[in-house]
Every structure is written in structure tokens, then in C-alpha cells.
Amino acid sequence: MIHNTSVIKEPPTDKFVKVYKTLTITKCFKEKQKDPTKQCETKKFGRSGSGALVKVVKEYAVVLTSGHVCDSSHEISKNDPTFSYNLEEEIMIQNYQNRFFSAKVVIAELATQRSADLCSLVVMGLKGQDDDVKIETRAPKVGEDIYYMGAPLGIYHPPSVLLLRGIYSGQIDKFVSITSLPSHGGSSGGAVMSVSNKIYGVVFAVHPNFKNSTLIINHSRVKNFLLRTQKMLELFILQQDDT
């Protein structure tokens, strides 16, 4: 028997972006060493994630993704008194036209008891568009069909993007819900969508032993985060107009 599912009409795949983060950490001894070549050590780290262009303010193209895709604070040992650290970060996004743009963090937060794992980026050289992805007016219902646009394992072949479908399975706590979406490393930050092509949440984590047990940031938290991003950008625009 063939299982009939509703077709997702005109998914906004042109609003998907792959996010690349490069972090260069220079670690130096606080006290001088006898051998100058051992004074400092530089290492470079890279990761990628998924994201979507979201409607926030028309002056800027804004990407919504996961906080751990953007934030670097967990890369260094803050409690090590022997070393000092210098961090240099670069974030690039790749769009459906296979073009690369530099991006800057607006807000980046890791998952804690007080915050969700979310990040907003401003894409340099682009403006927001009227058809950028919007957030749904309501939260998803248990049993509802959902999907996300993502690059699991870094898989992305512009202009095509993987659309991965699942079922919303319920809220775990005030920040996180569980779904049957298939995901893997690289899926983080993917916009979880309703069949009406509006945002319900953001892919956050996957169970290590079962790749169809995926956690997403709740609708209410994403909505609040985008409102905060909007207010911050509007304030910045006002400051620019006054100068």
C-alpha cells in the first residue's frame, strides 16, 4: 500500500543558506618561555550548519540558525590560568545561487536554563526581501506534518537543498520539542517549517543512536528571539540615521 502524503507546495528553497564558521585560536603562555617558538600556538577550527533567510527588517538580510553554529565561547578553556587566548572569527553563508557572503552575528546564545540555542546573522551586502521566510502564527500540534531545509553531513548542491520530513511529537520543556525529523551533523540551524512554509522552530540536536529523533527549539522561543533581533536591528538603524 502506498502512503499518500500532502505535497509541500513551493517550498522556499531559495531562502536556505549553508553557514560556515571558521575560528582561529591563538593560545599563548602568560609567562615567557625559554624557547620563543613555544610561546604561542595557533589552531584553526571549522564547522558548518544550516540556516534560512527570515523576514525581520527590510534594511538587512537576516539568517536564523543555531547558537552553537555561531558561538565560540565553548572552544576555549576559561579556567586555565596558564594561557591567554585570542579569537578571530569568520562567518560566511552560501546561498542557492552558490554565492558566498560574509555575515556578522546579531545575537548568539547557547542552550542554558535561561536561553535557547539560537543565532541571528546579518548578511553583508544583501537586503531583506518581502518573501523571506516568516514565522508561523501558532505552535505546531502533536501529530502534525513538518519539514526542514538542511545540509546534514554538509550535503548541499545549490540550487537544490534537502527537504527532510517528519512528525511533530510534542514539547519536552519550555525550550525544546521532539520530532521524528531525520537529521545529522550539519542539520543544526535548519528552519523547521509547516506545510504552509512558515517557521515552527529550529533544528537543535539529534539523538546519537537514532537519527530520526531530532530536537528543535520551540516556536515561542524562536518567535521571541526574532522579535529581540528585530528590536536590536531597528535600534542600530536609528543610531545610524542620527549620525
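Scroll up a little and you will see the structure.
The present account deals with the structure reproduced in this document. It should be emphasised that the depicted structure is a prediction, and the values quoted were computed from it without experimental measurement.

**Concerning the overall build of the protein chain**
Within the protein chain one finds two helices and twelve strands. Across the 243 residues in the protein chain, those meeting the buried criterion constitute 43%. Considering only residue pairs separated by 6 or more positions, the protein chain has 67% of its internal contacts joining residues 24 or more positions apart. When the accessible area of the protein chain is evaluated, it comes to approximately 13500 Å², of which 53% is carbon and sulfur surface.

**Digging into the sheet that holds strand S7 (residues 145-150)**
With antiparallel pairing, the six strands of this closed barrel are ordered in space as S7-S8-S9-S12-S11-S10. Ignoring which end each strand starts from, the neighbouring axes of this sheet average 45° apart. Here strand S10 (residues 191-193) pairs with strand S11 (residues 199-207) via three bridges, running antiparallel. Within S11, the residue paired with Ala191 across the bridge is Val202.

**Quick word on the side chain of Ser194**
Along the chain, Ser194 turns up in the loop between S10 and S11. Looking at Ser194, its side chain comes within polar contact range of the side chain of Glu136, at 2.7 Å. Those residues within four positions of Ser194 in sequence are excluded, and the remaining contacts are Glu136, Tyr147 and Tyr200.

**Things to note about the sheet that holds strand S4 (residues 83-94)**
With antiparallel pairing, the six strands of this closed barrel are ordered in space as S1-S2-S3-S6-S5-S4. Across the sheet, the axes of successive neighbouring strands diverge by a mean angle of 40°, strand direction being ignored. Note that strand S1 (residues 16-29) and S4 share twelve bridges and pair antiparallel. Bridge pairing links Lys18 to Gln94 in S4.

**Considering the packing of aromatic side chains**
Taken as a whole, this structure holds three aromatic pairs when the rule is applied. Seen from their ring centres, Phe16 and Tyr156 are 4.9 Å apart, and the 70° between their planes marks the pair as edge-to-face. Of the two residues, Phe16 sits in strand S1 while Tyr156 sits in the loop between S7 and strand S8 (162-171), which places them 140 residues apart along the sequence. The exposure class of Phe16 is buried, given its relative accessible area of 0%. On the numbers, 6.4 Å between centres and 50° between planes, the contact of Tyr60 with Phe236 is tilted. Here the residue Tyr60 occupies a position in the loop between strand S2 (40-54) and strand S3 (61-65), and Phe236 occupies one in helix H2 (residues 219-242), the gap between them amounting to 176 residues.

**With respect to the state of the cysteines**
Tallied over the entire structure, the rule returns two disulfides. Here Cys28 connects covalently by a disulfide to Cys40, the sulfurs 2.1 Å from one another. Since a negative S-S torsion denotes a left-handed disulfide, the Cys28-Cys40 link at about 110° is right-handed. Placement of Cys28 in strand S1 and of Cys40 in strand S2 is noted, with a sequence separation of twelve residues between them. The disulfide bridge from Cys70 ends at Cys119, spanning 2.2 Å between sulfur atoms. Negative torsions about the S-S bond denote left-handed disulfides, and the value of about -95° found for Cys70 with Cys119 makes this one left-handed. With Cys70 in helix H1 (residues 67-70) and Cys119 in strand S6 (residues 118-123), this residue pair connects regions lying 49 residues apart in the sequence. With its bonded cysteines labelled in order along the sequence, the protein chain shows the pairing 1-2, 3-4.

Basis of the calculations
- Residues numbered from 1 in each chain as written.
- Predicted model: local features only at pLDDT ≥ 70, side-chain atom pairs only at ≥ 80, totals over all residues.
- Heavy atoms only, no water.
- Helix = DSSP H or I, 4+ residues; strand = E, 2+ residues; numbered from the N terminus.
- Buried < 20%, exposed > 50% of the residue type's maximum accessible area, 1.4 Å probe, protein only.
- Contact = heavy atoms within 4.5 Å.
- Areas by Shrake-Rupley, 256 points an atom, 1.4 Å probe, with all protein chains shown as cover.
- Pairing = 2+ DSSP bridges.
- Axes fitted to C-alpha atoms, helices over the stretch in contact; angles between N-to-C directions.
- Polar contact = N/O pair within 3.5 Å; in protein donor to acceptor, adjacent residues only side chain to side chain.
- Phe/Tyr/Trp six-rings, centres within 6.5 Å; stacked < 30°, edge-to-face > 60°.
- Disulfide = S-S within 2.5 Å.

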